[in-house]
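# Understanding the architecture of this molecule
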Amino acid sequence: MSLATKVSEHFVTEFAADPAFIVRAPGRVNLIGEHTDYNDGFVFPLAIDHAAFIALRPRDDGRVRAISLDMGDRREFALDDLRPAAEVEWIDYLIGVAWVLQERGYPLRGWEGVVGGDVPIGSGLSSSAALELAVARAFYCVSDFDWEAKAMALACQKAENDWLGVNCGIMDQMISAAGLQDRALLIDCRSLETESAPLPPGAAVAILDTGTRRGLVDSAYNERREQCEAAARHFVLPALRDIDSATYAKRAHELDALIRKRARHVIHENERTLRARDAMNAGDAVALGKLMIESHISLRDDFEVSSPALDAIVDCAKADESCYGARMTGAGFGGCAVALVEADGAKDFVERVSKCYLEATGNQPSLYVTRASAGAETVVSTPPPGPLPEASGSRRH
Ligand code: ADP
Ligand code: MG
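Residues numbered from 1 in each chain as written. Chains lettered and ligands numbered in written order. Predicted model: local features only at pLDDT ≥ 70, side-chain atom pairs only at ≥ 80, totals over all residues. Heavy atoms only, no water.

### Some words on the site of ligand 1
Heads up, the condition is: What makes a residue near a molecule or strand is one non-hydrogen atom of that residue sitting within 4 Å of it. Counted as a polar contact is a pair of N or O atoms within 3.5 Å, where, for protein atoms, one must be capable of donating a hydrogen and the other of accepting one, and residues adjacent in sequence contribute only when both atoms are in side chains. Working definition of accessibility: Shrake-Rupley area with a 1.4 Å probe, residue cover restricted to the visible protein chains. Points on a 1 Å grid over protein atoms alone make up a cavity when a 1.4 Å probe fits among them but cannot get out, and a pocket when they form an open set with protein on both sides within 12 Å along at least five of seven lines; lining residues each have an atom within 4 Å of a point. Placement in a cavity or pocket follows one criterion, namely that more than half of the molecule's atoms lie within 2 Å of its grid points. Here a helix means four or more residues in a row that DSSP labels H or I, a strand means two or more in a row labelled E, and each is numbered from the N terminus.
For ligand 1, the set of nearby residues contains 14 residues, the closest of which are Asp 70, Gly 122, Ser 126, Ser 127 and Ser 128. Gly 122 is positioned with one of its backbone polar atoms (N or O) 2.8 Å from an oxygen atom of ligand 1. The separation between an oxygen atom of ligand 1 and a polar side-chain atom of Ser 128 is 2.9 Å. For ligand 1, whose free accessible area comes to 570 Å², the fraction covered by protein is 82%. Spatially, ligand 1 is embedded in the largest pocket. Elements with a minimum of two residues in the shell around ligand 1: helix H2 (90-103) and helix H3 (127-142). Residue contributions to the shell around ligand 1 peak at three residues, all from H3.

Structure, rendered in structure tokens:
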């Protein structure tokens, strides 16, 4: 049963009526461009075919009542009485998005509905951004404002930063808001300009979840950020985005050894990410795969954010005959890798890499072949009862 059907059926059971809307927003995987976002650089994610869904209908009393299928919980709150929680729970994602939208002047109406998703939680595919964008889309459906993907992404990022206390960049929300089917999205994290490129014909993207979860990631992340800022300060630049690899090569000796390695990763990774865009536009899966392999080596050796599990799964993937390239994806220290594979061989790839990784580490991985999907959208929009033209009523949404 599709997730849209599942949330819809639960809605019917709960409210004895069809939902007025069903919305979805996807998780994401980053193909290349890692630890570049906070250096004002480039990232190149795609929206995956795992998503958060909400079936809902408007309420006129300024309240939001939501049932979470995945948490087995039901909660409600009033739009004029939003309170931060001492400990973040799923409902706080709804409250946080409502808070920031209202702060930014969006006139929100209440709603009631059923929330369900299949983005694995906490494995680095950004189930949180998927939920946030689905919530933003739910408010859009019942309220009177225009949908602008970038504004919604920024609002949801602010909710995550300031309401939920998670220090994330703009990538997750931007790709969940603005993803495109069969395409990856190059995001300039400074200007927030985006440019899409098609996945190479005949190639598929596989997500390789090592089954390990990151520990100590916050302190390591903050340390990497500080090291990048120190390098930019040394060159008297706003960010490492502003130096190219040729200039860097001439001046790298000025930096101490550790900062030099960190900067080298970021500067080359930005250039690799732009080259990846060119490879995609040329339909060149081999070139794209090579860039992914270089990215992993740089993350492992220079930025030092890989882990034995990530290295093992990337090695298994790279050695496979169907694989163009593979790398860790996300902040690192655990979580997922991403591989570019021949679409025809993807099923066998999954079997062989699962076996190889299990033998190498004793861990059971989860592998999925994913499709680049559309960003946040309304999948069902039912016209209110009453005399309407025969059209489906999906004009506005
Ligand atoms: P991720 O790396 O998957 O984004 P986070 O820790 O940032 O992990 O966010 C996960 C949190 O987001 C969950 O603990 C939960 O509160 C919320 N969440 C994500 N998906 C769902 C869902 N389908 N239903 C309810 N809550 C969800
Ligand atoms: Mg998250």
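### Focus on the environment of Pro 308
Stated precisely, the cut-off is as follows: Each residue gets one of three labels from its accessible area relative to the maximum for its type: buried under 20%, exposed over 50%, partly exposed in between, using a 1.4 Å probe on protein chains only.
For Pro 308, the position within the fold is in helix H10 (residues 308-318). We classify Pro 308 as exposed; its relative accessible area is 70%. Counting along the chain gives 26 residues from Pro 308 to Gly 334, while the straight-line C-alpha distance between them is 8.6 Å.

### Describing the layout of surface pockets
The line we're drawing: Grid points are joined across faces, edges and corners, and a volume is the space filled by probe spheres set on the points. Asp, Glu, Lys and Arg are counted as charged, while Ala, Val, Leu, Ile, Met, Phe, Trp, Tyr, Cys and Pro are counted as nonpolar; the rest, among them Gly, fall into the polar class. Domain delimitation follows an automatic or database domain assignment.
Looking at the largest pocket, its volume works out to about 1100 Å³. In terms of lining, the largest pocket is formed by 46 residues, of which the most central are Ser 126, Ser 128, Glu 160, Asp 172 and Arg 214. Secondary-structure elements contributing two or more residues to the lining of the largest pocket are strand S1 (21-30), strand S3 (45-59), H2, strand S6 (110-117), H3, helix H5 (171-178) and helix H6 (217-234). Here the lining of the largest pocket is composed, by residue class, of 20 nonpolar, 16 polar and 10 charged. Built from parts of two domains, the lining of the largest pocket gets at least three residues from each of domain 1 (3-196 + 374-381) and domain 2 (199-370).

### Looking at empty space enclosed by the protein
Take a probe with the size of a water molecule and roll it over the atoms, and the empty space left behind shows itself. Scanning the entire structure with this criterion turns up one cavity of 30 Å³ or more. Here the largest cavity is characterised by a volume of approximately 70 Å³. Lining the largest cavity we find Gly 122, Ser 123, Gly 124, Arg 214, Thr 329, Gly 330, Ala 331, Gly 332, Gly 334, Gly 335 and Cys 336. Split by residue class, the lining of the largest cavity holds two nonpolar, eight polar and one charged. Shared between two domains, the lining of the largest cavity holds at least three residues of each, these being domain 1 (3-196 + 374-381) and domain 2 (199-370).

### A word on the nonpolar core
Basically, it comes down to this: The term nonpolar core refers to a set of buried residues drawn from Ala, Val, Leu, Ile, Met, Phe, Trp, Tyr and Cys, joined through side-chain atoms within 4.5 Å. Only heavy atoms enter the contact rule, under which two residues are in contact if any of them lie within 4.5 Å.
Ranked by internal contacts, the top residues of the largest apolar core, which has 86 residues, are Leu 31, Leu 46, Ile 54, Phe 77, Leu 94, Trp 111 and Phe 139. A per-element tally of this core places H3 first, with 11 residues. The residue makeup of this core includes at least three contributed by each of domain 1 (3-196 + 374-381) and domain 2 (199-370). Residues contacting Phe 139, with those up to four places away along its chain left out, are Val 64, Leu 79, Leu 94, Ala 98, Leu 101, Leu 108, Arg 109, Trp 111 and Phe 145. By size, the runner-up hydrophobic cluster in this structure holds 40 residues, among which are Leu 208, Ala 232, Ala 309 and Ala 339.

### Side note on unusual backbone geometry
Unusually for a residue other than glycine, Ala 16 sits at a positive phi of about 55°. As for its position among the elements, Ala 16 is in the loop between helix H1 (3-15) and S1. Look at Asp 182: it is not a glycine, yet its phi comes out positive at around 60°. Assignment of secondary structure puts Asp 182 in the loop between H5 and strand S7 (183-188). Taking relative accessible area as the criterion, Asp 182 reaches 36% and is therefore assigned partly exposed.

### Section: the pattern of salt bridges
So the rule is basically this: Should a side-chain nitrogen of Lys or Arg be within 4 Å of a carboxyl oxygen of Asp or Glu, the pair is scored as a salt bridge.
All told, the structure shown has 33 salt bridges when counted by the stated rule. For Glu 359, the salt bridge goes to Lys 355, with nearest N and O atoms at 3.6 Å. Placement of the pair is Glu 359 and Lys 355 together in helix H11 (residues 346-361), with a separation of four residues, close to one helical turn. For Glu 359, a relative accessible area of 60% gives the class exposed. For Lys 355, a relative accessible area of 53% gives the class exposed. What emerges from the salt-bridge pattern is a single network uniting Arg 57, Arg 59, Asp 61, Arg 65 and Glu 112.

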